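Each chain, letter by letter, is given below.
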Amino acid sequence: MRDHQPEGETIDLEGYRLRHALHKADPDAQEAHAALPWITIFDDHEVTNNAWADGAQNHQAGEGDYQARREAALKAYLEWMPFRLPDQSAPHRGTQFFKRFTFGALADLSVLETRQNRAEQATSPLSPIDGFIPLGNPATDAVIADPDRHLAEPEQLQWLKDGLAAQGRPWHLLGNQVMVTPVRYPGAALGLSGTFINADQWDGYAVDQAALLGHLATQPASSGDAVVLTGDIHSSWGADLPVAVGPTGTYTPVGVEFVTPSVTSDGFYEIVRSFFPGLPAEAAVGATGQVTGVVQKANPWVRYLNGIGHGYTVIDVTPERVQADFHHTPVPTSAAPDPRIDPDAMPVYAASLQTVAGSRRVSTASGPVGPRADEPA
């Protein structure tokens, strides 16, 4: 419900600067930046939708040179966001944005950057939703399995593997833009036949995905556990990272992934409403639950999935476990079908998940973390 500045799409340095300034003028964003340190990384929408190394799905004719557009976008990002470039010492391509933070003997946090050098996403004319493509087509299956297509450039992926193999800390946290967890979407959940994947995620880059999960599978207990922290898909997830998936759904967990919901961007519930605009909110909530239930059944390593609530996730790390507390906006009703536009609608605690050290799988936590006596930063 915000008036956009500039009014049109951002395509040049002036436009990107103005759009960042608009967001930073928000008093709640100012208070958040004043209260806590931030660790950030850009995804596609800092430039335009579904960006890749040499273009983007939403970079169209008449919008100029893509590389110049991306350069302007990243310049404005570095001007306006609390981001300090690393010293460029690790092998990389282009500008090195990926970096690692160490939190004493407790954990390290590797922050990936997977837009600058990624291969173009696989596409299909049979995509029912932007980015979702069917499996079983020889042409698109070959693209997904192409070993020359990468999400992170090989140098960055090796840097990540080296960090995940380091010993001495119980937790390796991975800040990551798009989901690592393999997810197969049954066509029935979309009113279609067949099985679909989101080609913008690691699923669309099968060789890199298999290399990362396979590397995690080889790590001894002494190297610690991996916890992937992801956004992008506008919904809340808790999943085991699976290898050796059997025909009956059996698998071996090699780490976990927690996915935070969007603050305002459309999620599963809004997509359902867009398909059925006359559907009452309660029916759309029920239909969304059915869709997410079908997705979970098809992917037994997905331990939690909420496609309705918007909000945030609190991650709490101790030597014994990593816990994720999800905070969601109220469930929509006919009286309030879109809590995002209600200034009085506040996210409230919804659910808690955890991974216990050494388990490398998601389990349910007994309740929210609540105030911490040691007042961690």
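My aim in this report is to walk through the structure given alongside it, one point at a time. (Residues numbered from 1 in each chain as written. Predicted model: local features only at pLDDT ≥ 70, side-chain atom pairs only at ≥ 80, totals over all residues. Heavy atoms only, no water.)

It is worth spelling out the nonpolar core at this point. By size, the foremost hydrophobic cluster in this structure holds 22 residues, and its most contacted members are Leu 160, Val 180, Trp 202, Leu 213, Leu 216 and Leu 241. Looking at this core, the elements that each hand over two or more residues are helix H5 (154-165), helix H6 (206-217), strand E9 (225-230) and strand E10 (236-243). If we ignore the near neighbours within four places in the chain, the residues touching Val 180 are Trp 202, Gln 209, Leu 212, Leu 213, Val 228, Leu 241 and Glu 257. Among the nonpolar cores identified, the runner-up in size contains 17 residues, and Phe 268, Val 291, Val 295 and Trp 301 belong to it. (Core = buried A, V, L, I, M, F, W, Y, C linked by side-chain atoms within 4.5 Å. Buried < 20%, exposed > 50% of the residue type's maximum accessible area, 1.4 Å probe, protein only. Helix = DSSP H or I, 4+ residues; strand = E, 2+ residues; numbered from the N terminus. Contact = heavy atoms within 4.5 Å.)

Taken in spatial order, the three strands line up as E5-E8-E7 in an open sheet, and their pairing is antiparallel. Across the chains shown, the open sheet's two edge strands, defined by having one partner strand only, are strand E5 (132-134) and strand E7 (185-186). For E5 and strand E8 (residues 195-198), the ladder comprises three bridges, and the chain directions are antiparallel. Bridge pairing links Phe 132 to Asn 198 in E8. (Pairing = 2+ DSSP bridges.)

Counting buried positions along strand E6 (residues 171-176) yields six of six residues, so the element is predominantly enclosed. Side chains of E6 alternate between two faces, with Trp 171, Leu 173 and Gly 175 and His 172, Leu 174 and Asn 176 buried alike. Across five bridges, strand E4 (residues 107-111) lies against E6 in parallel orientation. Looking at E6, one finds that Ser 110 is bridged to Leu 174. Relative to E9, E6 is paired through six bridges, and the arrangement is parallel. Paired with Leu 174 across the bridge in E9 is Val 228.

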